[in-house]
Every structure is written in C-alpha cells, then in structure tokens.
Amino acid sequence: MLYVVILFLLVSVYLYCLLGGADFGAGIIELTASHKSKQRVRDLITKAIAPIWEANHMWLIIAVVILFMGFPTVYTSISISLYIPLILLLLGIVFRGTAFTFRHYDAIKDQSQEIYSRVFAYSSVMVTFFFGLLIGAIVSNKIVINPSGFYEGYIYPWLNFFSISVGIFLCALFAFLASVYLISGNIDDETRKEFLGKTKIANMAAVIAGGLVFIFSFVEDVGFTERFFSNPVSIVLIILATVTLPLLWMSMNRKYEWISRILAGTQLLFILGAFYAVYYPVVVMIRDGEDLTLLNSAAPDITLAYLGWALITGSLLIFPALFYLYRIFKSDKSEEVSV
Amino acid sequence: MDNLLAARFTFGFSLAFHIIFACIGMTMPFLMVISHWLWLKKKDEVYLKLTKTWSKGVAIFFAIGAVSGTALSFELGLLWPGFMQHAGAIIGMPFSLEGTAFFIEAICIGFFLYGWNRLKPWVHWTSGLLVGVSGVISGIFVVTANAWMNSPAGFDWINGQAYNIDPFKAMFNPAWVSQTSHMTIAAFEATAFGVAGLHAILLLRKKNFEIHKKAMIIALSLGSIAAVLQPFSGDFTAKNVAQRQPLKLAAIEGQFETEQGAGLTIGGIPDVEKEETNYGIKIPGFLSYLAYGDFDAEVKGLKEFPKENWPPVLITHLSFQVMVGAGTFLAFVGILFWIIRFRNREKLFSNAFLKLIGICTPLGFLAVEAGWFVTEVGRQPWIIYEIMRTSEAVTPMPGQIVHLLAFLLIYLVLTLVAVWLMSRQIKVLHERG
C-alpha cells in the first residue's frame, strides 16, 4: 500500500502543477498583458478558469494531507525549516483566491476591479515562485536538524540561488502552460497573435531559467547536475521534453487546440518525471544527516493501508466528477450568474 | 508575549475566522437549494432571484473558507510540529476523507454556479444539494479530528511514542458523535439566523421587498428547527464531557469543590486565586442532574485535580455562559416564530418581530465562537488530552508575534472586504428590484 500512497502523492503534485499551474500561469500572463488588451485578457482568463479553479487547487490539499498522514516526519521537518517561505506561499494563496473571487462577484464593476486584478496577478507570481523555491529548497541539501542559530535554522535552508532559480523556472513554465491553454478557437486573431507572442517569450524564459537551475546547482553545490547526468531515466525524459517542443509549436501553428494542450501537459509530465527520477525516493535532503525518503519516513503500515483505501475510494468519486466538470465547461461561452 | 501564547493566539484566531466561513459554506447551500426547489416547483421568479442572490453569497464565502482552510492545513504543521509529528499517522484519516469531501464540494460548486443553462434543471439542483451535503460531511470529518484531541483513542502512548495505532478507533473516538452533532446543528442555527437576521434588517429599511420576505421565512424555518434541537444535543454533549473530561466540566461550571447534589451556577465570576465562584445564581442539584442524570450524583471539583492541569477557568466558564445564553434565546425565538406563523403570518413582518430577528443576526455565530472557546480553552494545557501538552507541541521558530499580527491584519481586511461586497450586492439587488 505504501507504493499506492506514493503514486497518489506524485500524481497529486503533477495534477497540481498541470491544473493549478495553468491557473497561476494565467495570473502571470495577466500581469504581462499590454495596456490596450488588458480587459480582453482578463475576460478570457475569467471565462477559462472561473468554474474550475477551486477544484484545480484541491490537489494541493490532497498532497498536503497525504504528507501529513502518510509521511508525518517529512511534513513536520518542512514545516519547521521552511517556515518563512511556507508562510509567504500561504499569503499568496489567500490573496490570490480571494482577489479572483472578489473580482468576479463584486456586483459593481468600478475602480476596485483594478485593485483585485493587481492583487490577483502579483499573488499568482508569488505563489508560483515560492512553490518552486520550496521544491528547490527541500533538495538543496541545506536543511539542518539541530541548527546553531536563527539563520542556519530558518533562512539558510531556502535562501540560495538554486532554490530561487527553481522558483523562476516554475514561473516561466506555468506561464507557458497557461498561454498554450488559453489559445482557443473562438478568440479573435489579434488576441491570438498576442498570446502566441507571449507563449514564445514564456518558452524562451523557461529554457533560460532551466539552464540557470543547472548552473546554480554547480554554484551552490547542491549536487543536482551530477545526479541528473548520472541518471539515464531523467536524461531520456528531458530529451523527450525537448523533442515535444517543436511538435507543440507545429501543432499550435496549425491551430490544433487539443493536441497542443495535451502536448503541453505531456511535456510537463516529462519535466516533472525527470525531477522525480533524479531524486526518488528522497524528499527532504538533510545536511550532515540521513535524508528523509518516502520509504524511511512512512507512517506505520496500518495508517498507510487506511490512507491508501481512502485515496482509492476518493478518486473513484473525484475523477468522474472532475471529468464531467471539464467536459461541461470545455466550450468557452460561459453563462454567468446574473440577477 | 511569549512564543507559545502568540502561536495559540494565531491558531485560535485563524480557527475563529475560518469557522464562520465554514459554517456558512456548509449550510448556506441548503438555503439556496430550498429556494431553488421552490422555484422549480412553483415557478415564482422571486425564488429564482433569491437563489441566484444567495448563490453569490455562497461563492464569496466559500472562496474565503477554502483559502483560510488551506492556510489552516499548513498552520497545523507550522505552529504545532510536535503535535503533527505524532498525530498525523493516528488522526490523519478524517483529514484525508475531508480532502475528498472538500474536493467534491469544490467541483459541485463549479457545476452549480456556472451550470444554469448547461445542466438539466434537476441535475443542476442536485449539484447544489451536493455542495451542501459534501460541505457538511467535510465539516464532520474535521470536527472528528478535534474530538480525538479531547478524547484520544486508537493508540498506546509509551515513552513519548505512539504504538499499536488504529486509525479507525482514533476516528470513531468516544467524543465524535456528540461533538459533530453539536457542531453541525450549530452551523445550521448560526447561518440560518444570520441570514434571516440580515434579511429582517433589510426589510425594516425596504418594506414589502418580496425577496427578503421569502428569504427570511426560509431561513427561519430551517434555523428554528436547529435552535430547538440544539439544547438536546448540548445536554448529550455535556453528559459526554462529564464522563470523559470531568476537569473541563468543573471549569465550565466554575465548580471548585467536589460535591454531591451539586448546584448549577448561572452567571458568576470564578476567582481562581480564592478558588470560589461569586455572584452566580445557583439552582440546587441541577448540575449533578445535567451531568449524570441524578440529582444526588457526585460532581468532581477543580480542587480534585493538580492546579498545573487546570484550564483557564474564567474564560471557559464565561464562554459557556455566553453560548448557553445565546442558544437559549435563539431556541425561544425559534418557537415564537412557529407560533406567529400559524396564528397570524403577516405579524412576521411587523416591525417588532423584524427587530427581534435582526438582533439574532450575530447570536448564532457568537454561540459558535463561545462554544469553541469552551472546547479548546477548556482542553488546555493539553493539545492531546492527558497525552501531550500544548507547550511540547509548539514550533521552535521564534518571533511568532509577527505571524500573529500579519494574519490578524489579513483576516481583518478580508472580513471588511466580504462585508463591503455583500453590501454592494444588496445595493444592486435593491436598485434592480
């Protein structure tokens, strides 16, 4: 049952990156919208994510619950050492969700829309960046179990160029994902052109930031690059991700919406898969101590058995409902609630 | 302020904030569904407008509830790593089930809010009902986890480690039935009276506004039933507490001496220094009866227990008085509502009755908050009753005051914005008639 629970954890993180990531990316895209197209971009984003964003973010809750029930040591050690970035992540989550909802449900559309939009866009960047930074930090090999002071205990574990570069990489990746998703059949040519431009920029940014991750791994001596190049699976996956890119562009140029979306999702799977392959089963790298892995920090078997069955039962309810939700709202003309 | 106290304030405050939105998120969908049902049956446009108006409230409150709930799932570990280290494997079960229920709720809310012209009317109605049902179920799971903190079960505690873990027994611990039923009824009571009160206040300003009239009747019908049921649930809960946590009962009652045929103290100020409760009204024998069903039963006093294990007696006692006071008042208002409704329906919209209902707006929520104060403050100094002290569980991270102030500020802003948004919704509703 341990492996069932691990599978659910990895899948939840993937789906959070894929679905939640596209939502965050939408916020980042909004931030980069030119002045004259601002309103159009906003409307497009609202239409695309309003019915589904709450559900998309549940994957984070599922991942957190799996961590604290199935791998309590992982959950608590992250909670202590990465307290500060976790709080910043939380602030971002709170601001983003509320600002988006407020913007949509404010009965009077006036100047306040501008404020909600700013908060929504900036907090989207904030959540994505800190989410990436946290992922970088847990494998930076800088978490100290018995720190000698405040800096070593609560700052040093995450404040390094490697973690920061992972945060930046994730921002670029999510923006790329979102722009691919947002290009759909019934947008006008001008908007389409603008989004294609954004997709290109996000694409380049992701490639450059990805390179930075490798460079800073060397600079900060976190061992990521070495691990990566000694792991054939991750090398193959990154090659596959790279090969997907020209295919994706071909598909986008020919306006194959769904093929493009699926290719973007697959590419994310390759990238995340490569990351999993580099580290599995390690989750938290401890300096001067034994790393926490999904195997050595797992809860007792009976707990995992209950958790595993709860997840299996839950997914039997969630997946069909979620599938139906996406199917219903796949067309882009959404009928709003109106008085 | 020391770190432990700051962390307790932060968590207490986060919970106190979240519970309001959680209550509304759990039970408001039922009001919406009733109105929606009436629209589908009677085809009266007013019900359609009301359903849509309420659904916007649900959307706003659900979003705040969801993000503040997400914050809590992180704060459990951030503030109480010592607790989660052990409790995760034992009591994570209801949380993982809650995750599923919450997920279904989030999916169904998408269907309901955006499904008006896409789903068949009754499928659409069912999605609304499922929002409420999954909301209540997820609330029950979370309260189950809290019940375990009050009555830990499903493990053996040996030298600071848990052995022989049984997540099933932990979840269905001795307190789960009483706590979840009490809280679920409370959520309906608080939300329904809050909604009824708001519409009553609006009716005072805008007479004969049909939406408000119908809204108040629906909300009061539901709220009054909950309010009348609640004292029975409260009695059941009190007897359960008397069995499991006699010290908490003593603190609730400000009972310092062990007594046979102990009297029930109404009001009063416990003085922990002098170990006596002053200024209260005593009803002889009633505490023994309420706690054990026997007027002569022995009730253990605070003095029976070591003082270092006492919870803050004053807060626990006063919170209990507030909860019972508010609850009793609402129960009487609930009965009054049905009497007037059967005798002379039009009197329901008289100024006097509208004012009375208006006064009730915050009372249910006040009772909910006070009730949680009783449960949580009354469990101190333990985080897991008689197993782990709160001080052993707190994070080593210094500077908790910063976290506290930041979250205080954010939740204050969110509350103000939510109120402002509601007022703007109402303004537009009134303008459009």
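Here is what the cut-offs are and how they apply
Residues numbered from 1 in each chain as written. Chains lettered and ligands numbered in written order. Predicted model: local features only at pLDDT ≥ 70, side-chain atom pairs only at ≥ 80, totals over all residues. Heavy atoms only, no water. Helix = DSSP H or I, 4+ residues; strand = E, 2+ residues; numbered from the N terminus. Rg over C-alpha atoms; globule rule 2.2 N^0.38 Å. Contact = heavy atoms within 4.5 Å. Lys, Arg positive; Asp, Glu negative; His and termini not counted. Charge placed at Lys NZ, Arg CZ, Asp CG, Glu CD. Salt bridge = Lys/Arg side-chain N within 4 Å of Asp/Glu carboxyl O. Buried < 20%, exposed > 50% of the residue type's maximum accessible area, 1.4 Å probe, protein only. Polar contact = N/O pair within 3.5 Å; in protein donor to acceptor, adjacent residues only side chain to side chain. Expected span 1.5 Å × (residues − 1). Axes fitted to C-alpha atoms, helices over the stretch in contact; angles between N-to-C directions. Parallel < 35°, antiparallel > 145°, perpendicular 65-115°, else oblique. Left-handed = near helix turned anticlockwise from the far one by under 90°. Phe/Tyr/Trp six-rings, centres within 6.5 Å; stacked < 30°, edge-to-face > 60°. Disulfide = S-S within 2.5 Å. Buried area = accessible area lost by both parts, 1.4 Å probe. Nonpolar A, V, L, I, M, F, W, Y, C, P; charged D, E, K, R; others polar. Patch = residues over 30% accessible without salt bridge, like charges linked within 9 Å, V, L, I, M, F, W, Y side chains within 5 Å. Areas by Shrake-Rupley, 256 points an atom, 1.4 Å probe, with all protein chains shown as cover.

Attention now moves to the overall build of chain A. When you go through chain A residue by residue, the secondary structure sums to 14 helices and 2 strands. Radius of gyration (C-alpha) of chain A: 20 Å, near the 20 Å computed for a compact globule of 339 residues. On the principal axes, the C-alpha backbone points of chain A span a range of 55 × 40 × 35 Å. Taking contacts inside chain A between residues at least 6 apart in sequence as the whole, the part at least 24 apart equals 78%. Distance between charge centres in chain A, computed from 22 positive and 23 negative side chains, equals 10 Å.

The bulk of non-glycine residues show a negative phi, and the bulk of peptide bonds are trans. Residue Pro281(A) is reached from Tyr280(A) by a cis peptide bond, and omega for that bond is 0°. With respect to the secondary-structure elements, Pro281(A) resides in the loop between α13 (257–279) and β1 (282–284). The amide bond that connects Gln380(B) to the next residue, Pro381(B), takes the cis arrangement and shows omega of 5°. Inspection of the secondary structure assignment puts Pro381(B) in the loop between α12 (363–377) and β9 (382–384). Positioned with a positive phi, Asp221(A) is a non-glycine residue whose angle comes to about 55°.

Here we come to the pattern of salt bridges. Residues and elements named next belong to chain A. Applying the stated criterion across every chain, the model contains 19 salt bridges over all chains. Note that Glu-114 and Lys-38 form a salt bridge whose closest N and O atoms lie 4.0 Å from each other. Placement of the pair is Glu-114 in helix α7 (residues 112–138) and Lys-38 in helix α2 (residues 38–49), with a sequence separation of 76 residues. The exposure class assigned to Glu-114 is partly exposed, which follows from its relative accessible area of 27%. Judged by relative accessible area, Lys-38 falls into the partly exposed class, the value being 25%. Close ionic contact of Lys-142 with Glu-220 constitutes a salt bridge, the shortest N to O distance being 3.7 Å. Of this pair, Lys-142 sits in the loop between α7 and α8 (150–155) while Glu-220 sits in the loop between α10 (189–219) and α11 (224–229); the two residues are 78 residues apart in sequence, bridging distant segments of the chain. Assessed through its relative accessible area of 9%, Lys-142 is described here as buried. Taken together, the shared-partner salt bridges connect Glu-30, Lys-38, Arg-42, Arg-103 and Glu-114 into one network.

This part takes up the environment of Tyr114(B). Considering the arrangement of structural elements, one finds Tyr114(B) in helix α3 (residues 81–114). With a relative accessible area of 3%, Tyr114(B) lands in the buried category. Taking the C-alpha atoms as reference points, Tyr114(B) and His124(B), separated by 10 residues in sequence, lie 9.5 Å from one another. Separated by 3.1 Å, the side chains of Tyr114(B) and His104(A) make a polar contact.

Moving on: helix α4 (residues 58–70) of chain A. Structurally, the α-helix is built with 3.6 residues per turn, so residues lying three or four positions apart point the same way. Its 13 residues give α4(A) an end-to-end C-alpha distance of 18 Å, which sits within 8% of 18 Å, the value for a rise of 1.5 Å per residue. In terms of residue burial, α4(A) counts as a mostly covered element, since 13 of its 13 residues are buried.

Before going further, it helps to spend a moment on the packing of helix α6 (residues 176–205) of chain B against helix α7 (residues 210–244) of chain B. All names here are of chain B. One way to put it is that α6 packs onto α7 with a least axis distance of 7 Å and a crossing angle of 150°. Relative to α7, the element α6 lies roughly antiparallel. For the element pair α6 and α7, the recorded crossing hand is left-handed.

Residue and element names in this part refer to chain B. With respect to the helices and strands, the residue Ser-181 is situated in helix α6. A relative accessible area of 25% places Ser-181 in the partly exposed class. Distance from Ser-181 to Gly-135, taken between C-alpha atoms, is 14 Å for residues 46 residues apart in sequence. In terms of polar contacts, Ser-181 uses its side chain to reach the backbone carbonyl oxygen of Val-177, at 2.7 Å.

On inspection of all chains with the given rule, the structure shows 44 aromatic pairs over all chains. Ring centres of Phe214(A) and Phe228(A) lie 5.1 Å apart, and the angle between their planes is 75°; on these two criteria the pair is classed as edge-to-face. Highlighted residues: Phe214(A) in helix α10 and Phe228(A) in helix α11, separated in sequence by 14 residues. The interplanar angle of 55° and the centroid separation of 5.9 Å between the aromatic rings of Phe256(B) and Trp310(B) together place this pair among those described as tilted. With Phe256(B) in the loop between α8 (246–253) and β3 (259–260) and Trp310(B) in the loop between β8 (298–299) and α10 (313–343), this pair connects stretches of sequence that are 54 residues apart.

This part covers the state of the cysteines. Joining two cysteines, a disulfide is a covalent bond between their sulfur atoms. Under the counting rule described, the total for this entry stands at 0 disulfides over all chains. Cysteine Cys17(A) shares no disulfide, and the gap to the nearest cysteine sulfur, in Cys171(A), comes to 12 Å. A disulfide-free cysteine, Cys23(B) has its sulfur positioned 16 Å from the sulfur of Cys360(B), the nearest such atom. Cys23(B) gets classed as buried once you look at its relative accessible area, which sits at 1%.

What follows concerns the side chain of Asn240(B). Structurally, Asn240(B) can be placed in helix α7. Excluding anything up to four places from it in sequence, Asn240(B) contacts Pro174(B), Ala175(B) and Ser178(B).

By convention, interface size is frequently given as the accessible area that disappears when the constituent parts associate. Tallying the contact residues gives 67 residues for chain B and 67 residues for chain A. In total, about 6,400 Å² of surface goes out of reach between chain B and chain A, with carbon and sulfur atoms giving 76% of it. When the buried surface of chain B facing chain A is broken down by residue, Phe103(B), Tyr114(B) and Arg118(B) rank first, second and third, together holding 14% of it. Our count for the chain B to chain A interface comes out at 2 salt bridges. A salt bridge links Arg424(B) to Asp110(A); the shortest N-O distance between them is 3.0 Å. Summed over the shared surface of chain B and chain A, the result is 16 residue pairs in polar contact (both at pLDDT 80 or more). When residues of the side of chain B that touches chain A are assigned to their parent elements, the largest contribution, 21 residues, is made by α3(B). Of the residues that constitute the side of chain B that touches chain A, the class distribution is 42 nonpolar, 17 polar and 8 charged.

All right, on to a nonpolar patch on the surface then. All names here are of chain B. Residues Met-1, Leu-5, Phe-9, Phe-13, Ile-401, Val-402, Leu-405 and Leu-408 make up a contiguous nonpolar surface patch of about 710 Å² in total accessible area. The set of elements that each furnish at least two residues to the nonpolar patch consists of α1 (3–42) and α14 (400–432). Top contributing element to the nonpolar patch by residue count: α14, with 4 residues. Along the polypeptide, Met-1 turns up in the segment before α1.

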